[in-house]
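Letter by letter, the chains look like this.
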Protein chains: 2
Amino acid sequence: MRVVALAGGTGGAKLADGLQAVLPPGDLTVVVNTGDDTERHGLLVMPDHDAVLYMLAGRFDFERGWGQVGETWAVMDGLAEYGEEAWFRLGDRDFATHIARTARIRDGQGLTRAVRPLQVALGVTTPILPMADRPVRTQVRTDDGWLDFQEYFVHQRQGPEVREVRFDGDLEPTAEVVAAVEAADVVVIGPSNPIVSIGPILAGPVRDLVAARARADIPVVAVSPIVGGVALKGPADRMLLSLGHESSARGVARIYADLATDFVLDAIDADQEPDIGALGMRTHVTDTVMADAAGRDRLARSVLGFVS
Amino acid sequence: MRVVALAGGTGGAKLADGLQAVLPPGDLTVVVNTGDDTERHGLLVMPDHDAVLYMLAGRFDFERGWGQVGETWAVMDGLAEYGEEAWFRLGDRDFATHIARTARIRDGQGLTRAVRPLQVALGVTTPILPMADRPVRTQVRTDDGWLDFQEYFVHQRQGPEVREVRFDGDLEPTAEVVAAVEAADVVVIGPSNPIVSIGPILAGPVRDLVAARARADIPVVAVSPIVGGVALKGPADRMLLSLGHESSARGVARIYADLATDFVLDAIDADQEPDIGALGMRTHVTDTVMADAAGRDRLARSVLGFVS
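Residues numbered from 1 in each chain as written. Chains lettered and ligands numbered in written order. Predicted model: local features only at pLDDT ≥ 70, side-chain atom pairs only at ≥ 80, totals over all residues. Heavy atoms only, no water.

(A) Highlighting the overall build of chain A. Each helix and strand in chain A was counted, giving 13 helices and 14 strands. The C-alpha atoms of chain A give 18 Å as radius of gyration, which agrees with the globular expectation for 308 residues (19 Å, within 12%). Principal-axis analysis of the C-alpha atoms places the extent of chain A at approximately 60 × 45 × 35 Å. In chain A, buried positions account for 59% of the 308 residues. Taking the intrachain contacts of chain A between residues at least 6 apart in sequence as the baseline, contacts between residues at least 24 apart amount to 65%. A total of about 11,400 Å² of accessible surface is found on chain A, and carbon and sulfur atoms cover 48% of it. Distance between charge centres in chain A, computed from 29 positive and 44 negative side chains, equals 2 Å. (Helix = DSSP H or I, 4+ residues; strand = E, 2+ residues; numbered from the N terminus. Rg over C-alpha atoms; globule rule 2.2 N^0.38 Å. Buried < 20%, exposed > 50% of the residue type's maximum accessible area, 1.4 Å probe, protein only. Contact = heavy atoms within 4.5 Å. Areas by Shrake-Rupley, 256 points an atom, 1.4 Å probe, with all protein chains shown as cover. Lys, Arg positive; Asp, Glu negative; His and termini not counted. Charge placed at Lys NZ, Arg CZ, Asp CG, Glu CD.)

In structure tokens:
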């Protein structure tokens, strides 16, 4: 069963890790958001790709919520001493990722080709495909104007209200992404921020590819990142509200209603099941909170079980 | 007394440190070789500049012979795991230097402008001027053909015999170097490898600037890097021999004879003083081995004393 999972940084990455654990090797492909990629100190940083990479490699630092376990901070301390901006913290092992990748890109490799050897080197056999090979940069409009995503997300700590979101760049998917989606037996839209994590992936031609799978009776199953009205991590809840959505499973379901065939919501939100069903999707209620590896595997098994 | 010191990586850097210690603030300018600069992992590494930088900042690792004291190696370990070439070891704090500098250069700054803030950040008030703003790459011809300098120096551990040396790039000195040499009351040619450390500095127009100072009766004093026939560090002795020179203070003196007014040799080589004097230079015999900070200060004081 060929499964394509769309993922942002944390929820989607966790579910991808569960899917990797429960599927036979070779069955999973992860398509990852590149809209929050950014250049720091002349190096390309890919927060969502790297979250998935470290997660699937068993190195993700769950306590910190990003980066690798056991990180050290010598480079960052050195850069701070040199007067470089230090609000975007990067660990030493993380720098190795950004340095190796940036060197490959400066050698002329596209994102997909530049990141694959890094995945293989960390023992990750699951392909983690950047949604596009060329740069895309998510920007958010606040009351102070347009901000680069990481300026909003990290520097301003998601403080400002988001009034509008746009994706600056070339959303053309890679041949690898097109092939993976066209061959998928199941498409999973992971429990990541629907606006700025899944949003960029579905803002381009990938949306039509996924819609074509749904028309071909292939399940397209979205998992709600909102549980009990709040996002488990990140600003999805406030962002949904400030952009005129409802911060609820139902609010997320409305965003995916014209694309997904199936919607997975948490047991705590079971009362919203009829409303979501009325949107034309099959609904599935389960415990969606992934507190540990067992939780990730359990949700992955549930999601696959619902649609197969 | 405005002193300009020409320096390579270790001997010249040590003498520069002594000069900085004994001269009033503002009197010393160091012009540093950039011929052994190299790109590693997409980052510009400047071994001689950084040796002088760390030396003058009091951070040079004398035990290792390069880099900063207390270094850690997390980035290098990460890069090695990613399959990147690992024979050119760089510490984490060193990476901060290369990252900050490369970012400035990619922003369009020349070498001089890119490195000055790093010097200031480490508390080094002495200007350390790259000999040129544009890339120069020393290459050595061995029996296997032309090699980049660091391939010969680090990767092949100075094993092959050097048959020829060339400097690939633009040797045009910066306005800062020109101004410093033209204003110098003393020019010190440090005890660095005369072929590949001092050689690149004097292969371009700086040579004529220094010669003009000598004609204006400004002392140009060279300090021998060869003591008792051997180089205290590096391959200068074997390189002198394989290029047809003598590996001795006298051999070095012959190289500088048409430029320098004064030559400092070690007491152990005092028997060569008449030969060196016969080349037309004033000779000065002293203990040139700088075993510690006191030794560096002592040699600096001696050199300045000889010519003032």
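(B) Representation of the packing of helix α2 (residues 47-56) of chain B against helix α4 (residues 92-106) of chain B in the model. Residues and elements named next belong to chain B. With their axes 12 Å apart at the nearest point, α2 and α4 run at an angle of 120 degrees to one another. One finds that α2 runs oblique with respect to α4. Handedness of the α2/α4 crossing: right-handed. Contact residues: H49, D50 and Y54 in α2; R93, D94, T97, H98 and R101 in α4. Across the contact of α2 with α4, the residue classes break down as one nonpolar, three polar and four charged. (Axes fitted to C-alpha atoms, helices over the stretch in contact; angles between N-to-C directions. Parallel < 35°, antiparallel > 145°, perpendicular 65-115°, else oblique. Left-handed = near helix turned anticlockwise from the far one by under 90°. Nonpolar A, V, L, I, M, F, W, Y, C, P; charged D, E, K, R; others polar.)

(C) Structural detail: the pattern of salt bridges. Applying the stated rule across the entire model yields 36 salt bridges over all chains. With its nearest N and O atoms 3.1 Å apart, the salt bridge here joins R207 of chain A to D258 of chain A. Of this pair, R207 of chain A sits in helix α9 (residues 206-215) while D258 of chain A sits in the loop between α11 (249-256) and β13 (262-266); the two residues are 51 residues apart in sequence, bridging distant segments of the chain. You can call D258 of chain A exposed: its relative accessible area is 61%. Here D143 of chain B makes a salt bridge to R163 of chain B, at a shortest N to O gap of 3.0 Å. Remark: R163 of chain B occurs in the loop between α6 (149-155) and β8 (164-169) and D143 of chain B occurs in the loop between β6 (136-142) and β7 (145-148); sequence separation between them is 20 residues. We classify R163 of chain B as partly exposed; its relative accessible area is 35%. Counted as one network, the salt bridges with shared partners bring together E246, R250, R254 and D275 of chain A. (Salt bridge = Lys/Arg side-chain N within 4 Å of Asp/Glu carboxyl O.)

(D) Representation of the side chain of H41 of chain A in the model. Locating H41 of chain A in the fold gives a position in the loop between β3 (38-40) and β4 (43-45). Separated by 3.4 Å, the side chains of H41 of chain A and E84 of chain A make a polar contact. Not counting chain neighbours up to four residues away, the residues in contact with H41 of chain A comprise M76, L79, E84, E85 and F95 of chain A together with I99 and A103 of chain B. (Polar contact = N/O pair within 3.5 Å; in protein donor to acceptor, adjacent residues only side chain to side chain.)

(E) Inspection of the sheet that holds β6 of chain B at higher detail. Residue and element names in this part refer to chain B. The strand order across the open sheet built from three strands is β7-β6-β8, with neighbouring strands paired in antiparallel fashion. A single partner strand is all that each edge strand has here, and the edge strands are β7 and β8. Neighbour-to-neighbour, the strand axes of this sheet turn through a mean angle of 30 degrees, independent of strand direction. As defined by bridge partners, β6 adjoins β7 across four bridges and the pair is classed as antiparallel. Within the sheet, the bridge partner assigned to Q139 lies in β7 and is D148. (Pairing = 2+ DSSP bridges.)

(F) Highlighting the interface of chain A and chain B. Across the boundary between the two partners, chain A contributes 28 residues, which contact 28 residues of chain B. Buried surface at the junction of chain A and chain B, summed over both partners, amounts to about 2,300 Å²; 63% is from carbon and sulfur atoms. At the junction of chain A with chain B, the criterion picks out six salt bridges. Between the two partners, chain A and chain B, sit eight residue pairs in polar contact (both at pLDDT 80 or more). Elements with a contribution of two residues or more to the side of chain A that touches chain B: α2 (47-56), α3 (74-81), α4 (92-106) and α5 (111-121) of chain A. The leading source of residues in the side of chain A that touches chain B is α4 of chain A, at ten residues. Looking at the side of chain A that touches chain B residue by residue, the class counts come to 15 nonpolar, five polar and eight charged. (Buried area = accessible area lost by both parts, 1.4 Å probe.)

(G) Main features of the nonpolar core. Ranked by size, the top nonpolar core spans 90 residues in total, and within it L19 and F95 of chain A together with L19 and F95 of chain B carry the most contacts. Beyond its immediate sequence surroundings of up to four residues, F95 of chain A is in contact with H41, L43, V75, M76, L79 and L90 of chain A together with V75 and I99 of chain B. (Core = buried A, V, L, I, M, F, W, Y, C linked by side-chain atoms within 4.5 Å.)

(H) View of the packing of helix α1 (residues 11-22) of chain B against helix α13 (residues 293-307) of chain B. All names here are of chain B. Relative orientation of the contacting elements α1 and α13 amounts to 75 degrees, with a least axis distance of 7 Å. As summarised for this structure, α1 and α13 are arranged roughly perpendicular, according to the angle between their axes. Side by side, α1 and α13 meet where K14, L15, D17, G18, L19, A21 and V22 of the first sit next to R296, D297, L299, A300, R301 and L304 of the second.

(I) Representation of unusual backbone geometry in the model. Residue and element names in this part refer to chain B. Here H41, not a glycine, exhibits a phi torsion of approximately 55 degrees, which is positive. Despite not being glycine, D217 shows a phi value in the positive range, around 65 degrees. Looking at where D217 falls in the secondary structure, it is placed in the loop between α9 (206-215) and β10 (220-223). The class for D217 is exposed, based on a relative accessible area of 71%.

(J) How the structure looks around the sheet that holds strand β5 (residues 128-130) of chain B. Residues and elements named next belong to chain B. Across the sheet, which stays open at both edges, the seven strands sit in the order β5-β2-β1-β9-β10-β13-β14 with parallel pairing between neighbours. Each edge of the open sheet carries a strand with a single partner, namely β5 and β14 (282-286). Each strand axis lies, on average, 25 degrees off the axis of its neighbour in the sheet, ignoring direction. Both strand β9 (residues 186-189) and β10 contribute to a ladder of three bridges, which runs parallel. Opposite I189, over in β10, you have A222 as the bridge partner.

(K) Representation of helix α13 (residues 293-307) of chain A. Residues and elements named next belong to chain A. If you check α13, its first and last C-alpha atoms are 22 Å apart, about what 15 residues at 1.5 Å a residue would give, namely 21 Å. When α13 is considered as a whole, its buried residues turn out to be G295, R296, L299, A300, S302, V303, L304 and V307. On its buried face, α13 is in contact with β1 (3-7), α1 (11-22), β9 (186-189), β10 (220-223), β13 and β14 (282-286). (Expected span 1.5 Å × (residues − 1).)

(L) Highlighting the packing of aromatic side chains. Residues and elements named next belong to chain A. Taken as a whole, this structure holds ten aromatic pairs over all chains when the rule is applied. The rings of F149, Y152 and F153 are connected pair by pair, giving a single aromatic cluster. One residue, R64, lies across the ring of W66, its end atom 4.9 Å from the ring centre. When the ring centre of W146 is taken as reference, the NZ or CZ atom of R166 above it lies at 3.9 Å. (Phe/Tyr/Trp six-rings, centres within 6.5 Å; stacked < 30°, edge-to-face > 60°. Lys NZ or Arg CZ within 6 Å of the ring centre and 35° of its normal.)

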